[in-house]
Number of protein chains: 2
Amino acid sequence: MTRPPLHVPELVLPPAAQPGMTLAQVDTPSLLLDLDAFERNLDRMQAHAARAGVALRPHAKAHKCPAIALAQVARGAVGVCCQKVSEALPFMRAGVSDIHVSNEIAGPAKARMLATLARHARLSVCVDAAQQVAVLAEAASAAEARLTVLVEIDVGQRRCGVGDAEQALALVDCIDRHPSLRFGGLQAYHGGAQHRRTRDERREEARRAAEKTGKVLVRLQTAGVTCDVVTGGGTGSVEFDLASGVYTEVQPGSYVFMDGDYGRNEWADAFRFEQSLYIDVEVMSVAAGDRVIVDAGLKSMAVDSGLPGIRHAPGDASGAASALRYVAANDEHGIIETDSGALPPLGTRLLLVPGHCDPTLNLYDEIIGFRGETVECVWAVAARGFSR
Amino acid sequence: MTRPPLHVPELVLPPAAQPGMTLAQVDTPSLLLDLDAFERNLDRMQAHAARAGVALRPHAKAHKCPAIALAQVARGAVGVCCQKVSEALPFMRAGVSDIHVSNEIAGPAKARMLATLARHARLSVCVDAAQQVAVLAEAASAAEARLTVLVEIDVGQRRCGVGDAEQALALVDCIDRHPSLRFGGLQAYHGGAQHRRTRDERREEARRAAEKTGKVLVRLQTAGVTCDVVTGGGTGSVEFDLASGVYTEVQPGSYVFMDGDYGRNEWADAFRFEQSLYIDVEVMSVAAGDRVIVDAGLKSMAVDSGLPGIRHAPGDASGAASALRYVAANDEHGIIETDSGALPPLGTRLLLVPGHCDPTLNLYDEIIGFRGETVECVWAVAARGFSR
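Calculation criteria
- Residues numbered from 1 in each chain as written.
- Chains lettered and ligands numbered in written order.
- Predicted model: local features only at pLDDT ≥ 70, side-chain atom pairs only at ≥ 80, totals over all residues.
- Heavy atoms only, no water.
- Pairing = 2+ DSSP bridges.
- Helix = DSSP H or I, 4+ residues; strand = E, 2+ residues; numbered from the N terminus.
- Contact = heavy atoms within 4.5 Å.
- Axes fitted to C-alpha atoms, helices over the stretch in contact; angles between N-to-C directions.
- 1 Å grid on protein atoms, 1.4 Å probe; cavity = no way out; pocket = protein on both sides within 12 Å on 5 of 7 lines; lining within 4 Å.
- Points joined across faces, edges and corners; volume = space filled by probe spheres on them.
- Nonpolar A, V, L, I, M, F, W, Y, C, P; charged D, E, K, R; others polar.
- Buried < 20%, exposed > 50% of the residue type's maximum accessible area, 1.4 Å probe, protein only.
- Salt bridge = Lys/Arg side-chain N within 4 Å of Asp/Glu carboxyl O.
- Expected span 1.5 Å × (residues − 1).
- Parallel < 35°, antiparallel > 145°, perpendicular 65-115°, else oblique.
- Left-handed = near helix turned anticlockwise from the far one by under 90°.
- Least-squares fit on C-alpha atoms with pLDDT ≥ 70 in both.
- Disulfide = S-S within 2.5 Å.
- Domains from an automatic or database assignment.
- Buried area = accessible area lost by both parts, 1.4 Å probe.

Student: Looking at this model, I keep getting lost on the sheet that holds strand 2 (residues 55-56) of chain B. Mind explaining?
Tutor: The strands making up a sheet associate through hydrogen bonds between their backbones, and the pairing can be parallel or antiparallel. All names here are of chain B. Spatially, 8 strands are ordered 2-9-8-7-6-5-4-3 in an open sheet, and the strand pairing comes out parallel. Strands at the two margins of the open sheet, each flanked by one partner only, are strand 2 and strand 3 (80-82). Pairing of strand 8 (residues 229-232) with strand 9 (residues 249-250), which is carried by 2 bridges, proceeds in the parallel orientation. Along strand 9, the bridge assignment pairs G232 with V250. Packed onto the sheet, helix 7 (residues 199-222) meets strand 7 (181-188) and strand 8 and runs at close to 150 degrees relative to strand 7.

So, in structure tokens, the structure goes:
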């Protein structure tokens, strides 16, 4: 086996896209962002939050992209949420100075990392057990940092969070015993409520979440405990969370892009965000005759919330592609069939609407922003894979 | 918003693991490789191929890891398969000099890239349409490279590949008309056959695939066309592919790691490869009481072939963890319940067996190799995300 030369210029992968290219010149599969729709989504959510007098802290786990976080902060977001400690790092490096880790951590290594980061930015984190408080206190003390700690309460998801006000109060006492920690308030998030199909279902879940949160707040107040922050809510419930009077800030993420799953929800017109995210694919085999094969499968999209939809062009509502169905995802292949009409020829470009945006973003290193038919920017998904 | 200093040493993510660490010191979630089981898998497959007198060209799409490709080549593999043109690049840079792109490409940009790479290593690719041949010929000619082209035939998967011998012969003629291309033989791969549960089903699918391939070979021979290579087969069918007398080389990939889906297959003892791949996770919330939450969900594992299994330690067959079930994957959370017995306490480490290894590997930048309780190596998944 001969070892080929390592640093010859030819052995570098050409970029999938560069600003100024036409969309037809972008290599596939690639993640495309319709910048007009994206900016309207950002503006709309910020306006809703401002009108309600509630802070917007968008969830960066949806995009993992510092350029998008900065665009959100520039419009008035108070900072971002991250779901993992490591995920915060690329955002801090890009200049985002206020990050809430909307999750619990158990181990001392993660606590040390969080405490180290807290020396450089305002960082908060959630707890739902005294053991987590102890781990955080020791790490913050050792790093000579001060960490803001929120108590998470379970408002219906049965995932993380304490079950009642007494447990919350016990954790507040626990936090208050450590000078390296500061009690910041409550997190009350119900992930499952985001994806209920009808507005009525989501309104009811959000009402119950707000009601429970309100009861905990009253109990804490009675005990002399002030909650500076009550954070929660997502794209699916934000309409109701903003109106609840309970939340001081909301954490929606997916509204930036939307996806097939959210597209199946029923929305009020004012809260119907636009699909801005697409996977650009190419028909690479038509030999089977009654189906065609595109160059994007399980390694280019998450399928946990269903297979992708198909459009010929961004915003396409003409139905031109509606007869095409993406029927199966193999690792690197997608199988496309049609109910009626012609199949697209070899080399045809199609835009897929991913079923679930968050884990799809986590597969790509770049987002290619376009306006009309022209690539305008290529943004790094700098927190891709930062799952620790 | 203040921009924090960028190059302070504290703002670098600590590595998840380093050689010499104990497994308990590895940060989670991480991808662990049991090196003893891994090496036995590599040795076993190489021995099977050698005994059959068939070349082994393992599929690198399963691991995307140059260190693993070099370990396969060192044992006698003739090279590797890649599924995408870009995927070949990290393997070439590591010194793998013979790569078969076991797939079709439609666009001129990909053909140009392939032709450029072909100046530095032996590269082959598949076609199933005359238009693909023309695109490859033009790119190879422009790059002053020579590309080896295999005609893919459909042997039952109904994905890529021509349907019969006459179509194959027409493509061979087409390839022969271009001096920059060389006809290399046939690809006959049946992906669906790999995952049939019983050996009888897989034997029958493999028999049909070999029978069809044999007929095409006879027709080509009659027309004076020699096939240097007949390539195909996978981990599920390799037992039968090796014995078929039709294949000159086989392309199994998953045997290196195995996964939950392959684990549900029925195997002959000699072809039962060992589970070597695990996702190391930590219990990060126990507040719900009747379930616990681990720190790995959809961004840390592919769930297209089912949710992960759970073990307490590599190779664990004690049933100690058998009462635990991973029942739901959220983006960053996994929900674990038990049918009987105690739930693990906060901070407990568990090993998950991913349902599908290939797209799981594509989520990680590193594989942490261990022996016993000690980390021995950290290998880059250098082709992760190389899907173009």
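Student: Is there a simple way to explain empty space enclosed by the protein in this structure?
Tutor: Using a probe with the size of a water molecule, rolled over the atoms, empty space left in the structure can be pinpointed. Inspection of every chain in the model, using the stated rule, returns 8 cavities of 30 Å³ or more. Its boundaries defined by the atoms lining it, the largest cavity holds a volume of some 160 Å³. Within the lining of the largest cavity, the residues separate by chemical class into 12 nonpolar, no polar and 2 charged. Computed from the structure, the second largest cavity encloses a volume of approximately 100 Å³.

Student: Quick question: what am I supposed to make of the environment of B:G163 here?
Tutor: By secondary structure assignment, the location of B:G163 is in the loop between strand 6 (147-152) and helix 6 (165-176). Here B:G163 falls in the partly exposed class, since its relative accessible area comes to 34%.

Student: What exactly am I supposed to notice about the pattern of salt bridges here?
Tutor: Where side chains of opposite charge bring their charged atoms close, a pairing between them can arise. Summed over all chains, the structure comprises 64 salt bridges over all chains. Its salt-bridge partner being A:R57, residue A:E249 comes within 2.8 Å of it at the nearest N-O pair. Within this pair, whereas A:E249 is found in strand 9 (residues 249-250), its partner A:R57 is found in the loop between strand 2 (55-56) and helix 2 (66-74), the two being separated by 192 residues in sequence. In this pair, the class of A:E249 matches that of A:R57, namely buried. Notably, a salt bridge pairs B:E337 with B:R291, separated by 2.9 Å at the nearest N-O pair. Remark: B:R291 occurs in the loop between strand 10 (277-285) and strand 11 (292-294) and B:E337 occurs in strand 14 (residues 334-338); sequence separation between them is 46 residues. For the pair shown, B:E337 and B:R291 are each scored as buried. Residues joined by salt bridges that share partners form a network here, namely A:K61, A:D358, B:K299, B:D331 and B:E332.

Student: Looking at this structure, I do not really get the interface of chain A and chain B. What am I missing?
Tutor: By a widespread convention, an interface's size corresponds to the accessible area lost as its parts come together. Facing the 86 residues of chain A at the interface are 86 residues of chain B. As a salt-bridge pair, A:D331 and B:K61 come within 2.6 Å of each other at their nearest N and O atoms. For the side of chain A that touches chain B, the secondary-structure elements that each account for two or more residues are helix 2, helix 3 (85-93), helix 4 (108-117), helix 5 (130-142), strand 10 (277-285) and helix 10 (357-361) of chain A. A total of 5 residues in the side of chain A that touches chain B trace back to one element, the largest contributor, which is helix 3 of chain A. Taken together, the residues that form the side of chain A that touches chain B break down as 36 nonpolar, 24 polar and 26 charged.

Student: So what exactly am I meant to see when it comes to helix 5 (residues 130-143) of chain B here?
Tutor: Side chains three or four residues apart in an α-helix point the same way, a direct result of the helix having 3.6 residues per turn. All names here are of chain B. Compared with an ideal rise of 1.5 Å per residue, which puts 14 residues at 20 Å, helix 5 spans 20 Å between its outermost C-alpha atoms and is within 8% of the ideal. Turning to helix 5, its buried residues number three or more, namely Q132, V133, V135, L136, A137, A139, A140 and A143. Downstream of helix 5 by a residue or two, E144 has a phi angle that is positive, lying close to 50 degrees.

Student: Hey, could you run me through the environment of A:L33 in this one?
Tutor: Residue and element names in this part refer to chain A. Among the secondary structure elements, L33 is positioned in strand 1 (residues 30-34). The exposure class of L33 is buried, given its relative accessible area of 0%. Taking the C-alpha atoms as reference points, L33 and A287, 254 residues apart in sequence, are found 31 Å from one another. Residues within four places of L33 in sequence aside, it is in contact with F38, I68, F257, S276, I367, I368, G369, F370 and W379.

Student: What's the story with the packing of helix 4 (residues 108-117) of chain B against helix 5 of chain B in this structure? I'm lost.
Tutor: How two helices sit against one another is set out by the angle between their axes and by the gap between those axes. Residues and elements named next belong to chain B. It is at 8 Å that the axes of helix 4 and helix 5 come closest, and there the two elements cross at 45 degrees. Here helix 4 is positioned oblique relative to helix 5, judged by the angle of their axes. The handedness of the crossing between helix 4 and helix 5 is right-handed. Seen from helix 4, the contacting residues are P108, A111, R112, L114, A115 and T116; seen from helix 5, they are V135, L136, A139, A140 and A143. Partitioned by chemical class, the residues of the contact of helix 4 with helix 5 number 9 nonpolar, 1 polar and 1 charged.

Student: What is the right way to look at the relation of the copies chain A and chain B in this model?
Tutor: Relating one copy of the chain to the other takes a rotation about an axis and a shift parallel to that axis. Structural alignment of chain A on chain B gives an RMSD of 0.0 Å, achieved by rotating through 180 degrees and translating 0.0 Å along the axis. Taken together, the turn and the small shift mark the pair as related by a two-fold rotation axis. Looking at the interface residues of chain A, 100% of them are also at the interface in chain B, so both copies use one shared face.

Student: Can you help me understand the state of the cysteines in this one?
Tutor: By definition, a disulfide links the sulfur atoms of two cysteines through a covalent bond. Residues and elements named next belong to chain A. Under the defined criterion, the tally for this structure stands at 0 disulfides over all chains. The thiol sulfur of C82 is not disulfide-bonded, and the nearest other cysteine sulfur, from C81, lies at 7.8 Å. The exposure class assigned to C82 is buried, which follows from its relative accessible area of 0%.

Student: Please explain the domain arrangement of chain A as it appears in this structure.
Tutor: All names here are of chain A. Annotation of chain A at the domain level lists domain 1 (15-32 + 273-380) and domain 2 (35-259). Here the C-alpha centre of domain 2 lies 33 Å away from the C-alpha centre of domain 1. Opposite the 21 residues of domain 1 that make contact, domain 2 presents 24 residues. Both sides of the domain 1 and domain 2 interface together cover about 2000 Å² of buried area, and 58% of this is carbon and sulfur. For the interface between domain 1 and domain 2, the tally reads 4 salt bridges.

Student: What's the story with the sheet that holds strand 5 (residues 122-127) of chain A in this structure? I'm lost.
Tutor: All names here are of chain A. Sheet architecture is open: 8 strands sit in the order 2-9-8-7-6-5-4-3, paired in parallel fashion. The open sheet has two free edges, formed respectively by strand 2 and strand 3 (80-82), since each of these has just one partner strand. As paired strands, strand 3 and strand 4 (residues 98-101) are joined by 3 bridges and run parallel to one another. The residue bridging V80 from the neighbouring strand is I99, located in strand 4.

Student: How should I be thinking about unusual backbone geometry in this particular structure?
Tutor: Leaving glycine out, the prevailing phi sign among residues is negative, and the prevailing peptide bond configuration is trans. With an omega dihedral of -10 degrees, the bond running from A:T28 to A:P29 counts as a cis peptide bond. For A:P29, the position within the fold is in the segment before strand 1. Phi is positive for A:K64, which is not a glycine, with a value near 55 degrees. With respect to the helices, strands and loops of the structure, A:K64 is situated in the loop between strand 2 and helix 2. Accessibility expressed as a relative area gives 1% for A:K64, which makes it buried. A positive phi angle, near 50 degrees, is found at B:E144, a position not held by glycine. Assignment of secondary structure puts B:E144 in the loop between helix 5 and strand 6. Since its relative accessible area comes to 70%, B:E144 is described here as exposed.

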